[in-house]
Amino acid sequence: MQKTSIAPAKTVNLTCGDCPIRHRAVCARCDEDEMLQLEEIKYYRSFEAGQTVVWSGDRMDFVASVVSGIATLTQTMEDGRRQMVGLLLPSDFVGRPGRETAAYDVTATTDLVMCCFRKKPFEDVMISTPHVGQRLLEMTLDELDAAREWMLLLGRKTAREKIASLITIIARRDVSLQAQRNAGSVSVDLPLTREAMSEYLGLTLETVSRQISALRRDGVIEIESKRHIIIPDFDRLVEEAGDDADGGFLI
């Protein structure tokens, strides 16, 4: 597939004190001195929905945390077929220290803000600042657990369970970042179109639409607009997803 040029990303003026992902990001365990080290190599960038952050195989001179918005990870096969292989939600880490090029296409599906670190200085900070390396290891292991659970979802779950699982994953992340859960009710904006959901879940577009309608009809979700939904009883949604009510899987 021919690559299109990447439009320049806009810079953003934010401070760590205003950061909505501070308690979950790679810097979550850093003390004041360690935060100052990261501050020296940090910059924010924003991307518009649909804009490519980086192409697979391109040199990637930064690593980053997603501050707000959603991005997709996509891999292209030799014959041109594309497969969405992951979602990047707020607080997720992008890039790999020690690797020069990007492993996947990273594309903003909504307006996206990323807290970026220059790669080489970040690698130096990892060596001199144990809290950064420890937190990154924790996040990597969480991502591995999520990938294993996703294999179960794609291989064994029904279409209804797949849709419920995806909504559960997104809702859990919103809850953890915003502490918005109230008496079991959760409000969430779905970051993917139904077409993108079908690609990610290995379902047809018709099946996705049918299952979302069924979940609405059965009272599991309420749809306020094209993307905005309300989950009246979060535990019921978790049951529909086929996960444990005490936690299930989280990315």
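First, a word on what this report is: a plain description of the structure on this page. What you see is a predicted model, and the numbers here were worked out from it, not measured in a lab.

Two elements in contact, helix α2 (residues 119-128) and helix α3 (residues 130-156), have axes separated by 5 Å at closest approach and are oriented at 100 degrees. Our classification of the angle between α2 and α3 gives roughly perpendicular. Between α2 and α3, the contacting residues are Phe122, Val125, Met126 and Ser128 on the first element and Pro130, Val132, Gly133 and Leu136 on the second.

Time to look at the nonpolar core. A general tendency of soluble globular proteins is for nonpolar side chains to be buried together. Ranked by internal contacts, the top residues of the largest apolar core, which has 33 residues, are Leu87, Ile163, Leu166, Ile167, Ile221 and Ile231. When residues of this core are traced back to their parent elements, those giving at least two are β6 (82-88), α3, α4 (159-178), β10 (186-189), α5 (194-201), α6 (205-217), β12 (228-231) and α7 (234-241). For this core, the leading source of residues is α4, giving seven residues. Among the nonpolar cores identified, the runner-up in size contains 21 residues, and Ala25, Val63, Phe122 and Met139 belong to it.

The backbone of Ser91 shows a phi angle near 90 degrees, a positive value even though the residue is not glycine. Considering the arrangement of structural elements, one finds Ser91 in the loop between β6 and β7 (93-94).

In this section: the pattern of salt bridges. Applying the stated rule across the entire model yields seven salt bridges. A salt bridge links Glu100 to Arg59; the nearest nitrogen and oxygen atoms lie 3.0 Å apart. Taken together, the positions of Glu100 in the loop between β7 and β8 (105-108) and Arg59 in the loop between β3 (52-54) and β4 (62-68) put the pair 41 residues apart, joining distant regions of the chain. Given the relative accessible area of 64%, Arg59 is considered exposed. Note that Glu240 is salt-bridged to Arg160, the shortest N-O span being 2.8 Å. Of this pair, Glu240 sits in helix α7 while Arg160 sits in helix α4, and the two are 80 residues apart along the sequence. Of the two residues, Glu240 and Arg160, neither departs from the other in class, the shared state being buried. A cluster of three or more residues bridged by salt bridges with shared partners is formed by Arg29, Arg135 and Glu138.

Neither face of β12 is open: one carries His228 and Ile230, the other Ile229 and Ile231, and all of them are buried. Taken together, the four bridges between β10 and β12 define a ladder with antiparallel strand orientation. Looking across to β12, one finds that Val186 is bridged to Ile231. Following strand β11 (residues 222-223), the chain reverses through four residues before pairing antiparallel with β12.

Moving on, we come to the sheet that holds β11. The sheet built from three strands is open, its strands ordered β10-β12-β11 with antiparallel pairing. Among the strands making up the open sheet, the edge pair consists of β10 and β11. Two strands pair when backbone bridges link them, and β11 and β12 are joined in this way by two bridges, in the antiparallel orientation. Within β12, the position partnered with Glu222 by the bridge is Ile230.

Tallied over the full model, the rule gives one cavity of 30 Å³ or more. Roughly 110 Å³ of volume is contained in the largest cavity. Along the walls of the largest cavity sit 14 residues, with Cys16, Cys27, Lys42, Cys115 and Phe117 positioned nearest its centre. Mapped onto the lining of the largest cavity, the elements with two or more residues apiece are α1 (32-40), β2 (42-47) and β9 (112-118).

Definitions and limits used
Residues numbered from 1 in each chain as written. Predicted model: local features only at pLDDT ≥ 70, side-chain atom pairs only at ≥ 80, totals over all residues. Heavy atoms only, no water. Axes fitted to C-alpha atoms, helices over the stretch in contact; angles between N-to-C directions. Helix = DSSP H or I, 4+ residues; strand = E, 2+ residues; numbered from the N terminus. Parallel < 35°, antiparallel > 145°, perpendicular 65-115°, else oblique. Contact = heavy atoms within 4.5 Å. Core = buried A, V, L, I, M, F, W, Y, C linked by side-chain atoms within 4.5 Å. Buried < 20%, exposed > 50% of the residue type's maximum accessible area, 1.4 Å probe, protein only. Salt bridge = Lys/Arg side-chain N within 4 Å of Asp/Glu carboxyl O. Pairing = 2+ DSSP bridges. 1 Å grid on protein atoms, 1.4 Å probe; cavity = no way out; pocket = protein on both sides within 12 Å on 5 of 7 lines; lining within 4 Å. Points joined across faces, edges and corners; volume = space filled by probe spheres on them.

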